[in-house]
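# A look at the structure
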Amino acid sequence: MEGNKHASDKKEKLADQIMQNPQVLAALQERLDSVSQTPSSYIETLPKAVKRRINALKQLQEKCAHIEAKFYEEVHDLERKYAALYQPLFEKRKLIVSGTEEPSDAECEWHSGGEEDDKDKLSEDVKKKMTISEAPNTEDAKGIPDFWLTIFRNVDMINISLQEYDEPILKHLQDVKVKFSDPGQPMSFTLEFLFEPNEFFTNAVLTKTYKMKSEPDSADPFSFEGPEIVDCDGCTIDWKKGKNVTVKTIKKKQKHKGRGTVRTITKQVPNESFFNFFSPIKVTGDGDEMDEEMENSLAADFELGHFFRERIVPRAVLYFTGEAIEDEDSFEEGEEGEEEEMEGEEECEEEDDEPNADKKEAVQPAECKQQ
């Protein structure tokens, strides 16, 4: 008993000594302040009259969100207008790529501002990705061989789904276009993939339509950040016999329960292919929840559709040469000075390395519900 009492007295004395340390007290106070002074706890302390006024501000904010939605609808109309202005240039690009039209000497002049021998070279990134067997034979080339296929190889977001057996098909791809929805119609855009006649399918055009919404969510209006893709429709590919790369045939053995005999059957199962892009997962809309894998797949599909529209189609030649890829890569990491400055925080950053770690969830006070 005396031993336990002695140990207890010793702990109390140690605690008293610690609590008398100004640095310890300051650290504890800082910790308590960070816990207690959250936005929600602060709002809870406000008088009822002030909370009412905050609700009024929220109503104003919701009205701002609806005005912002109208702004983006007009932006969509402006995009449609300028798409018509771009179209003759994109049509000229298609003619040159396919070899239908040969550009004049004046049209072929280009001064990059770099070294003289850089003019006719692909970027180093593209060279590294292409083996000798992959490089097109341009001795007597027509147009620009494998133009779109090379772009697809260069863009990681597409290349991840690109299979070796997809490439002979994509050699027949002549153009990719973006078409916006007509005035007065629901907001959407359609990607059109134009193919020359080939031995794989009979379609001249494969399409993918992305449906968009520019409207604040009634349940969470403050989350509105502009138009978002909400669904998409693909198309049916009319494959020629034995040419469908989106399925594969497997053999499966079945044993009869009663007789014990075994038979072999053939069965078609899905196969990985870029052309699955035209058979997207559908947003059900009937309340059925999608699993995490389906949600991730759908999000990746929406992101790729947006990337085609915003980047690949308008800047195709720069993705062919690799210049657009180099521009994007230059923003992926900080500069040397910044890296040295952040070096001391590296351990902390690794702990928070989650997909949405940089997005802080806004805390809404319980009493201040939107009316």
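Residues numbered from 1 in each chain as written. Predicted model: local features only at pLDDT ≥ 70, side-chain atom pairs only at ≥ 80, totals over all residues. Heavy atoms only, no water.

The backbone phi angle of D146 is positive, close to 55°, even though this residue is not glycine. In this fold, D146 is placed in the loop between helix 5 (124-129) and helix 6 (147-154). D146 sits in the buried class, given a relative accessible area of 13%. (Helix = DSSP H or I, 4+ residues; strand = E, 2+ residues; numbered from the N terminus. Buried < 20%, exposed > 50% of the residue type's maximum accessible area, 1.4 Å probe, protein only.)

Let's shift gears to a nonpolar patch on the surface. On the surface, L78, Y82, L85, Y86 and L89 cluster together into a nonpolar patch covering about 540 Å² of accessible area. On the secondary structure map, L89 appears in helix 4 (residues 48-98). Judged by relative accessible area, L89 falls into the exposed class, the value being 58%. (Patch = residues over 30% accessible without salt bridge, like charges linked within 9 Å, V, L, I, M, F, W, Y side chains within 5 Å. Areas by Shrake-Rupley, 256 points an atom, 1.4 Å probe, with all protein chains shown as cover. Salt bridge = Lys/Arg side-chain N within 4 Å of Asp/Glu carboxyl O.)

The buried fraction of strand 1 (residues 173-180) is high, at six of eight residues. Bridge count for strand 1 against strand 2 (residues 188-195) is seven bridges, and the pairing is antiparallel. Bridged to F180 within strand 2 is F189. (Pairing = 2+ DSSP bridges.)

What follows deals with the nonpolar core. Counting residues in each nonpolar core, the largest one holds 47 residues, and the members touching the most others are I151, F152, F193, F274, F275 and F308. For this core, the element with the highest residue contribution is helix 9 (residues 292-312), accounting for six residues. If sequence neighbours within four positions are ignored, F193 has contacts with F152, L173, D175, V176, A204, V205, L206, F274, F277, F278 and F308. (Core = buried A, V, L, I, M, F, W, Y, C linked by side-chain atoms within 4.5 Å. Contact = heavy atoms within 4.5 Å.)

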